[in-house]
Amino acid sequence: MPVSVLLGLQWGDEGKGKVVDVLGDRVDVVARFQGGPNAGHTIIIGGQKYVLHQIPSGIFRPGVRNIIGNGVVINPAVLLQEIRGLEAKGVDVRSHLYISTRCHLILPSHVHLDKLSEQRKGQAKIGSTLRGIGPTYRDKYGREGLRMGDVLTPRFAEKLDTLQTAHYEYLHALGYAADRAADTQAFLEALEALKAYTITDTEVLLHKALAQQQHILAEGAQGTLLDVEFGAYPFVTSSNTTAGGACTGLGIPPSAITQVYGVFKAYCTRVGSGPFPTELDNAQGEAIRQAGGEFGATTGRPRRTGWLDLPALKYACSLNGVTHLVMTKADVLAGMDHVEVCVGYELNGRVQDYPPFDSEGALKPVYRSFPGWPGFGPDDALPVSFRQYLDFIEAELGQAITFVSMGPDRKEMVQLVA
Ligand code: IMP
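Going along each chain's sequence as written, the residues are numbered from 1 onward. The predicted nature of this model means local features are confined to residues of pLDDT at least 70 and side-chain atom pairs, given and counted, to a pLDDT of 80 or more, with totals for whole chains, interfaces and linings taken over all residues. Each side-chain value is worked out from all heavy atoms of the structure, with water and hydrogens disregarded.

Peer 1: It is not clear to me how the packing of helix H5 (residues 156–173) against helix H6 (residues 180–194) should be interpreted in this structure. Could you clarify?
Peer 2: Between two packed helices, the angle of one axis relative to the other and the distance separating the axes together describe the packing. The axes used here are C-alpha line fits, helices contributing only the stretch in contact, and every angle between their N-to-C directions lies in the interval 0 to 180 degrees. A run of H or I in DSSP becomes a helix once it reaches four residues, and a run of E becomes a strand once it reaches two; helices and strands are each numbered from the N terminus. Viewed as axis vectors pointing N to C, H5 and H6 meet at an angle of 145°, and their least axial separation amounts to 12 Å. In terms of crossing hand, the pair formed by H5 and H6 is right-handed. Residues Phe-156, Leu-160, Asp-161, Gln-164, Thr-165 and Tyr-168 of H5 lie in contact with H6, whose contacting residues are Arg-180, Asp-183, Thr-184, Phe-187, Leu-188 and Leu-191. Of the residues that constitute the contact of H5 with H6, the class distribution is six nonpolar, three polar and three charged. It is the rotation of the near helix from the far one that decides the hand of a crossing: anticlockwise by less than a right angle makes it left-handed, clockwise makes it right-handed. The contact criterion used is simple: two residues touch if any of their non-hydrogen atoms lie within 4.5 Å. Note on residue classes: Ala, Val, Leu, Ile, Met, Phe, Trp, Tyr, Cys and Pro are nonpolar, Asp, Glu, Lys and Arg are charged, and everything else, Gly too, is polar.

Peer 1: Could you clarify how one ought to interpret the domain arrangement of the protein in this entry?
Peer 2: Where interface size is quoted, it is often the accessible area lost as the parts come together. As far as domains go, the protein holds domain 1 (3–102 + 198–261), domain 2 (104–194) and domain 3 (265–415). Where each domain begins and ends follows an automated or database-derived domain assignment. Spacing between the C-alpha centres of domain 1 and domain 3 amounts to 24 Å. The interface of domain 1 with domain 3 comprises 39 residues on the first partner and 39 residues on the second. Salt bridge, as applied in this entry: a Lys or Arg side-chain nitrogen positioned within 4 Å of an Asp or Glu carboxyl oxygen. The interface formed by domain 1 and domain 3 holds two salt bridges in total.

Peer 1: It is not clear to me how the packing of aromatic side chains should be interpreted in this structure. Could you clarify?
Peer 2: Working definition: rings of Phe, Tyr and Trp (its six-membered ring) pair if their centres are within 6.5 Å, and the pair is stacked with planes under 30 degrees apart, edge-to-face with planes over 60 apart, and tilted otherwise. This structure, assessed with the given rule, holds nine aromatic pairs. Each member of the aromatic cluster is reached from another via a ring pair, and the members are Phe-370, Trp-373, Phe-376, Phe-386, Tyr-389 and Phe-392. The rule for a charge over a ring is simple: NZ of Lys or CZ of Arg within 6 Å of the ring centre, and within 35 degrees of the ring normal. Against the face of Tyr-197 rests Arg-94, its NZ or CZ located 4.6 Å from the ring centre.

Below you can see the structure in the form of structure tokens.
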């Protein structure tokens, strides 16, 4: 049985959570492979809204095992709060959540370091979610981090003390006030409570699932254009959001991946700083923001909005080997009299068809205009003008769009091809 990877093709917030939830009835395991509480995956079931930050989006499907893979970084207090929130709504988390022993831990001091780093950058800040993501991955790759499994070993207190001492000395030296004792107490209490959940070598669990021909869905967070390798560095997150991240972030071989679902919105959004060639910093952009409810699920920040960027989308499809395209939020552009699509970038007098290494300069998008479309529901025929929009995108990307989502609910999605 295959591993399907599902990831975002833009700057995150493509509506991945909903798609994972919909596909959840076809899979045995859902496994998150990177990122951490910077993510906010929104799922609406029967009018009830849930926002998941670290827990995989298969948690609402009875019988589906949900894995927080080794590539994810965990904030214990945030995870505990998320678990308790779901349990209070009657979701059975305990019997089908599995946390990797190899997940790195976000310490309270990592969150302080993230804040301090952004403060010191001033205008040049990344626009981080301030969840401690960058500093935690920095310690991971610097081989100084602490992992979930360490909590169960006798030397944990000593390792924690060493790492914290380094962090707080640095913070205090730069005049950042942080209360180490209070931070440590809250951190340890949350870790203690998490011991009641399954902390295990999830890569082995996944290997067994593969041997039993089970269907695994690897769930990505953020989006391809925020990948630490291929996004507009340094305006990226600190993990591999692309398909390769599913292998390293879960411990599964590339040969096991048979399907890659690439999710993209009918337009673009971005939170935080960094290049955004098709940004609409005007009334049109505001209209899309309001219609699409484009405010961060994690931070509440207004998202920047803009037209669909095809060169970036093509690049994302190539990086990930996308086999199935999923367009979301088609309803948001409904009722507009025209929509535009970027088909290339003018850079130094030449047209380039993929995102440039440094796109902060005088990059000008080249647009093609399309008529708008009326609103439609999952049981309606696709409006002709919307079909034209899809046809153009499919021709440019060289592949069909499998699903179109036209609303937040599970039911508001149509499958166009098998
Ligand atoms: P960090 O991952 O919190 O360090 O933030 C780095 C960049 O990624 C910032 O521009 C964030 O706004 C962006 N980012 C991080 N997580 C998400 C997400 O889940 N959705 C959209 N943007 C995100």
